[in-house]
Amino acid sequence: MKVLVTGGMGYIGSHTCVQMIEAGMEPIIIDNLCNAKDAVLDRIEALTGTKPQFYLGDIRDEAFLDGGFNQHDIKAVIHFAGLKAVGESVAKPLEYYDNNVNGTLVLARSMRKAGVKSIVFSSSATVYGDPEVVPITEDSPTGQTTNPYGRSKYMVEECLSDLFNAESDWSITLLRYFNPVGAHPSGTMGEDPQGIPNNLMPFIAQVAVGRRESLSVFGNDYPTPDGTGVRDYIHVMDLADGHIAALKAVGEKAGLHIYNLGTGKGSSVLEMVDAFGKACGAPIAYEMCPRRPGDIAECWASTDKAERELGWKATRSVAEMTADTWKWQSNNPHGY
């Protein structure tokens, strides 16, 4: 089965492409490489023995997308392409809405022209905002988002939901990720952010490998056991497998399908720092800083629905997440 993978050269997209090939699927990748490197393609080939078709371009370019659909017999789309940094979104809201919301609308139009009506969308737990109750279920309220990144994901969910309400022959799957971390266990693929990392794990890894002096921990006065933010960290390989499970279970079923992808457990920033120190054999230097705008205290998933309907469950531990990240970063101290 040929599947168009937007943003397939990025962190989550590339790991998903590896797992798709292993599962007998054929990913067709498009990416504008704004937050990815073309070296990823060789790493995918080295791991799988297959070099996916890759097209350099932007999802906001409708003619480019139309050409891709005309060239290949694509059965479904996994839509990763999007800007994803909370802090940057506060500073650059227009860029986030243009890329994430407008880009998805262009993609959906092109899909409709091509008669491809199955999409798995890379959404986020940020659509839940600051939850009143944890764990968060798929029925928890959405829309009380705390930053433009989260709002852009929520807007896309609303746009796709309205599309399904108007055209009920679509299969639209919204996968709400919690906090993806880790790397391929081979140590050859991992997260390689451009510039200063916005997410916790790559920042810790760069401190551990000597690229940065210390980690900034934003906020130690949250109402959590150690005062630092609590998140549901999920190994990127588990997350990749979740996409394949979704495609297989509901990708050919008309409907609006919504699933949380997480582990069902929360870990604090300091717990992750400690776990990484054990993985790399040395303590991680860190300093406490004020809270960041848009951050929330705690957030973790109820994963019952995904287990029940997709037959999928995250299996990899925090120790594996940190060990695999360290293997990637120590083998590739400057990324790809």
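Worth saying up front: this structure is predicted, and the values here are computed from it rather than measured.

1. Remarks on the overall build of the chain
Item 1. Scanning the chain from N- to C-terminus turns up 11 helices and 14 strands.
Item 2. Radius of gyration (C-alpha) of the chain: 19 Å, near the 20 Å computed for a compact globule of 336 residues.
Item 3. Long-range contacts, defined here as pairs at least 24 residues apart, represent 80% of the contacts in the chain between residues at least 6 apart.
Item 4. By element, 49% of the accessible surface of the chain is carried by carbon and sulfur atoms, the whole surface being about 13800 Å².
Item 5. Positive and negative charge centroids in the chain, built from 29 and 42 side chains respectively, lie 2 Å apart.

2. Things to note about the packing of aromatic side chains
Item 1. Taken as a whole and judged by the stated rule, the model has two aromatic pairs.
Item 2. Centre to centre, the rings of W328 and Y336 are 4.8 Å apart; their planes meet at 50 degrees, and the pair counts as tilted.
Item 3. Here the guanidinium or amino end of K305 rests over the ring plane of Y259, the centre of that ring lying 5.1 Å away.

3. Brief notes about the pattern of salt bridges
Item 1. Across all of its chains, the model carries 19 salt bridges by this definition.
Item 2. Residue R316 is joined to D238 by a salt bridge in which the shortest nitrogen-to-oxygen separation is 2.4 Å. With a gap of 78 residues between them, R316 in the loop between α10 (304-310) and α11 (318-331) and D238 in helix α8 (residues 236-250) connect regions that are remote in the sequence.
Item 3. In this structure R316 comes out as partly exposed when scored by relative accessible area, which is 23%.
Item 4. For D238, a relative accessible area of 2% translates into the label buried.
Item 5. For the salt bridge of K278 with D274, the shortest nitrogen-to-oxygen distance reads 2.6 Å. Taken together, the positions of K278 and D274, both in helix α9 (residues 269-280) and four residues apart, correspond to about one turn of that helix.
Item 6. Classification of K278 by relative accessible area gives exposed; the value is 61%.
Item 7. Residue class for D274 comes out partly exposed when judged on its relative accessible area of 43%.
Item 8. Three or more residues joined by partner-sharing salt bridges are found here, namely E62, D66, R109 and K113.

4. Observations concerning the packing of helix α5 (residues 93-114) against helix α6 (residues 148-166)
Item 1. The N-to-C vectors of α5 and α6 enclose an angle of 20 degrees; their axes lie 9 Å apart at closest approach. On the basis of the axis angle, α5 is roughly parallel to α6. Our pair here, α5 against α6, has a crossing hand that is right-handed. Judged by residue contacts, P93, Y96, Y97, N100, V101, T104, L105 and A108 of α5 engage P148, Y149, R151, S152, M155, V156, C159, L160 and L163 from α6.

5. Notes on the sheet that holds strand β9 (residues 230-231)
Item 1. Pairing within the open sheet is mixed, and its three strands lie in the order β12-β9-β14. Here the strands that pair on one side only, and so sit at the sheet edges, are β12 (267-268) and β14 (298-299).
Item 2. With two bridges joining them, β9 and β12 adopt antiparallel strand pairing. When the bridges of β12 are listed, R231 appears paired with S267.

6. So, empty space enclosed by the protein
Item 1. By the definition in use, this model includes two cavities of 30 Å³ or more.
Item 2. If you add up the space inside the largest cavity, you get close to 50 Å³.
Item 3. Looking at the largest cavity, the residues that line it are L4, I30, Y55, F64, L65, G68 and F69.
Item 4. If you tally residues by element for the lining of the largest cavity, the top one is helix α3 (residues 62-71), at four residues.
Item 5. Of the residues in the lining of the largest cavity, the class split is six nonpolar, one polar and no charged.
Item 6. Lining the second largest cavity we find Y11, V181, G182, E191, M201, P202, A205, T325, W328 and Q329.
Item 7. Where the lining of the second largest cavity is concerned, the elements lending two or more residues are α7 (200-208) and α11.

7. Thoughts on the layout of surface pockets
Item 1. Considering only enclosed or pocket space, the second largest pocket measures out at about 190 Å³ in volume.
Item 2. Residue composition of the lining of the second largest pocket, grouped by class: six nonpolar, two polar and two charged.

8. Points about the state of the cysteines
Item 1. Following the criterion strictly, the structure yields zero disulfides and no others.
Item 2. C289 supplies the cysteine sulfur nearest to C280, a cysteine that is in no disulfide, at a spacing of 20 Å.

9. Re the environment of P333
Item 1. Summarising the element assignment, P333 is placed in the segment after α11.
Item 2. Looking at P333, the relative accessible area reads 31%, which means it is partly exposed.
Item 3. Sequence separation of P333 and A205 is 128 residues, and the distance between their C-alpha atoms is 9.0 Å.
Item 4. Excluding residues within four positions of it along the chain, P333 makes contact with V209 and R211.

Thresholds applied
- Sequence order as written defines residue numbering, which begins from 1 separately in each chain.
- Residue-level local features of this predicted model are given only where pLDDT is at least 70; pairs of side-chain atoms are given and counted only at 80 or more, and the full residue set underlies all totals for whole chains, interfaces and linings.
- With hydrogens and water set aside, each side-chain value is computed from the structure's full complement of heavy atoms.
- Secondary structure elements follow DSSP: runs of H or I no shorter than four residues count as helices, runs of E no shorter than two count as strands, and numbering proceeds from the N terminus.
- Atoms considered for the radius of gyration are the C-alpha atoms alone. The globule rule reads 2.2 Å times the number of residues to the power 0.38.
- Contacts are assigned to residue pairs with any non-hydrogen atoms lying within 4.5 Å of each other.
- Each accessible area is a Shrake-Rupley result for a 1.4 Å probe, and residues are judged covered by the shown protein chains and nothing else.
- Asp and Glu count as negative and Lys and Arg as positive, but His and the ends of the chain are not part of the count.
- Working definition for charges: the position is that of NZ of Lys, CZ of Arg, CG of Asp or CD of Glu.
- Pairing of aromatic rings covers Phe, Tyr and Trp, the last through its six-membered ring, and needs centres within 6.5 Å; plane angles under 30 degrees mean stacked, over 60 mean edge-to-face, and all others mean tilted.
- Look at NZ for Lys and CZ for Arg. If either is within 6 Å of the ring centre and within 35 degrees of the ring normal, a charge sits over the ring.
- Take a side-chain nitrogen of Lys or Arg and a carboxyl oxygen of Asp or Glu: if they are within 4 Å of each other, that pair is a salt bridge.
- Using a 1.4 Å probe on the protein chains alone, a residue whose accessible area is under 20% of its type maximum counts as buried, one over 50% counts as exposed, and one in between counts as partly exposed.
- Axis definition: a line fitted to C-alpha atoms, over the contacting stretch in the case of helices. Angles run 0 to 180 degrees between N-to-C directions.
- Orientation categories follow fixed angle ranges, with anything under 35 degrees roughly parallel, anything over 145 roughly antiparallel, 65 to 115 roughly perpendicular, and all other angles oblique.
- Crossing handedness is defined as follows: a turn of the near helix away from the far one that is anticlockwise and smaller than a right angle gives a left-handed crossing, while the clockwise case is right-handed.
- A pair of strands is labelled paired if DSSP reports no fewer than 2 bridges between them.
- Only protein atoms enter the 1 Å grid, on which a cavity is a set of points fitting a 1.4 Å probe that cannot get out and a pocket is an open set with protein on both sides within 12 Å along at least 5 of 7 lines, lining residues being those with an atom within 4 Å of a point.
- Grid points are joined across faces, edges and corners, and a volume is the space filled by probe spheres set on the points.
- Side-chain classes follow a simple rule in which Ala, Val, Leu, Ile, Met, Phe, Trp, Tyr, Cys and Pro form the nonpolar group, Asp, Glu, Lys and Arg form the charged group, and the remainder, Gly included, forms the polar group.
- Defined by distance alone, a disulfide is two cysteine sulfur atoms within 2.5 Å.

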